[in-house]
Amino acid sequence: MKDFQNMFSLEGKIAWITGASYGIGFAIANAYAKAGAKIAFNDINQELVDKGLAAYREIGIDAMGYVCDVTDETAVSETATRIVSDLGPVDILVNNAGIIKRIPMHEMSADEWRKVIDIDLTAPFIVAKAVLPSMIERKCGKIINICSMMSELGRETVSAYAAAKGGLKMLTRNICSEYGRYNIQCNGIGPGYIATPQTAPLRVRQADGTRHPFDSFIVAKTPAERWGTTDDLVGPALFLASKASDFVNGHVLYVDGGILAYIGKQPT
Ligand code: NAP
Ligand code: GCO
């Protein structure tokens, strides 16, 4: 029988959250720290890492920050080694770092396409590869891939992002298939539309103070009738990192206020 009281505790665990100086990654790291985990995060440059370290310190979290581009296999492997020597072997990996380019597909260069695929799909493979051997050896581990509505849906201008996030859903299932026997769980979180810097351009107020048309579109498309907040993601992220989800594997948990369930408002 499980210890239900402590099912969601991450006491003694080491969590690595990529691209977590701010936004969704920061909120998840904050929750993991409050649940008892030690936090390692990386970001693309020293300025962001310093900004992240200051933000963690401000809320009382003693996080370790590393400059590391998640697409650079050597840098990722060196960072993984540093985390092990600074904190210990990684128990929980959250592949959070990501970018989007909103460009009509027929105008997108192959270099722009590759950049999105590299960061949003190839990097989770590279980072997972860096932590898997120790997880296999210790016969436990949690890998959480931050997927998207675009793991299921398409829309204008986001072809590379949708291809990457759809691919990330399948990488999630494959890591589960290949390593489930070692007591490693790999699941995804599919956030709906969350108010972060990544989506800020879609929420900019119009000159007359009214909502951006895309902002109104999302509110109408979401049964909850609002954008998500980073806090909406922390419960699901905690569940997938904790003992409470030890037999949950290969899923994408959509945290979208109901978008994927909804056909859309009927015309009035
Ligand atoms: P964000 O605010 O843009 O944060 C992403 C972080 O990843 C940034 O700190 C970014 O640094 C970093 N990053 C980018 N490229 C990197 C690289 N090569 N190596 C290391 N770090 C890198 O995004 P967010 O909205 O919090 O999103 C986090 C994740 O959730 C992403 O994977 C995103 O696709 C996904 N997501 C977001 C939403 C949403 O509505 N916001 C919904 C579904 C899924 P820079 O600041 O330099 O770019
Ligand atoms: C867009 C958005 C989305 C979200 C998110 C949805 O331009 O449509 O940026 O792709 O960020 O991934 O789940």
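Residues numbered from 1 in each chain as written. Chains lettered and ligands numbered in written order. Predicted model: local features only at pLDDT ≥ 70, side-chain atom pairs only at ≥ 80, totals over all residues. Heavy atoms only, no water.

Draft legend 1. Representation of the environment of D208 within the structure. Looking at where D208 falls in the secondary structure, it is placed in the loop between β6 (184-191) and α6 (213-221). Sequence spacing of D208 and T268 is 60 residues, and the spatial spacing of their C-alpha atoms is 26 Å. Within polar-contact distance, the side chain of D208 engages the side chain of T210 at 2.6 Å. (Helix = DSSP H or I, 4+ residues; strand = E, 2+ residues; numbered from the N terminus. Polar contact = N/O pair within 3.5 Å; in protein donor to acceptor, adjacent residues only side chain to side chain.)

Draft legend 2. Molecular detail of the site of ligand 1. The environment of ligand 1 is made up of 28 residues, and the closest members are Y22, D43, N96, Y161 and T196. Within the side chain of D69, an N or O atom sits 3.0 Å from a nitrogen atom of ligand 1. The contact in question runs from an oxygen atom of ligand 1 to an N or O atom on the side chain of Y161, over 2.6 Å. When ligand 1 sits alone it has 880 Å² of accessible area, and the protein chains cover 90% of it. (Near = heavy atom within 4 Å. Areas by Shrake-Rupley, 256 points an atom, 1.4 Å probe, with all protein chains shown as cover.)

Draft legend 3. Broad picture of the side chain of S21. Inspection of the secondary structure assignment puts S21 in the loop between β1 (14-18) and α1 (23-34). Reaching out from S21, the side chain makes a polar contact with the side chain of D43 at a distance of 2.8 Å. Within the local environment of S21, its side chain forms a polar contact with the backbone oxygen of L48, the two atoms lying 3.0 Å apart. Sequence-distant contacts of S21, defined by excluding residues within four places in its chain, comprise F26, F41, D43, L48, V49 and G52. (Contact = heavy atoms within 4.5 Å.)

Draft legend 4. Main features of the environment of A29. Structurally, A29 can be placed in helix α1. Taking C-alpha positions, A29 is 30 Å from T157, a pair spaced 128 residues apart along the chain. Not counting residues within four places of it along the chain, the set of residues in contact with A29 comprises I17, I39 and Y56.

Draft legend 5. Region of the structure containing the site of ligand 2. Of all residues adjacent to ligand 2, which total 14 residues, the nearest are R102, R155, Y161, Y193 and Q198. Between ligand 2 and P191 there is a distance of 2.7 Å, counted from an oxygen atom to a backbone nitrogen or oxygen. Y193 places a side-chain nitrogen or oxygen 2.7 Å from an oxygen atom of ligand 2. Coverage of ligand 2 by the protein chains reaches 97% of its 330 Å² of free accessible surface. Cavity membership is defined here by more than half of the atoms lying within 2 Å of grid points; on that basis ligand 2 lies in the largest pocket. (1 Å grid on protein atoms, 1.4 Å probe; cavity = no way out; pocket = protein on both sides within 12 Å on 5 of 7 lines; lining within 4 Å. Sits in = over half its atoms within 2 Å of the grid points.)

Draft legend 6. Local environment of the nonpolar core. Counting residues in hydrophobic clusters, the biggest one holds 30 residues, and the most contacted among them are Y32, I39 and I144. For this core, the elements supplying multiple residues, two or more each, are β1, α1, β2 (38-43), α2 (46-58), β4 (92-95), β5 (141-146) and α7 (234-241). Per-element tally for this core: the top contributor is α1, with 6 residues. Discounting chain neighbours no more than four positions away, the residues touching Y32 are L10, A15, I17, A37, I39, I92, V94, I144, A237, L238 and A241. Of all hydrophobic cores here, the second largest spans 29 residues; its members include A80, M135, C147 and C186. (Core = buried A, V, L, I, M, F, W, Y, C linked by side-chain atoms within 4.5 Å. Buried < 20%, exposed > 50% of the residue type's maximum accessible area, 1.4 Å probe, protein only.)

Draft legend 7. Broad picture of the packing of aromatic side chains. Summed over all chains, the structure comprises 6 aromatic pairs. Taken together, a centroid distance of 4.5 Å and an interplanar angle of 45° make the contact between F26 and Y56 tilted. A residue pair is termed long-range when its members are at least 10 positions apart, and F26 in helix α1 and Y56 in helix α2 qualify at 30 residues. Here the two residues F26 and Y56 agree in accessibility, since each one is buried. (Phe/Tyr/Trp six-rings, centres within 6.5 Å; stacked < 30°, edge-to-face > 60°.)

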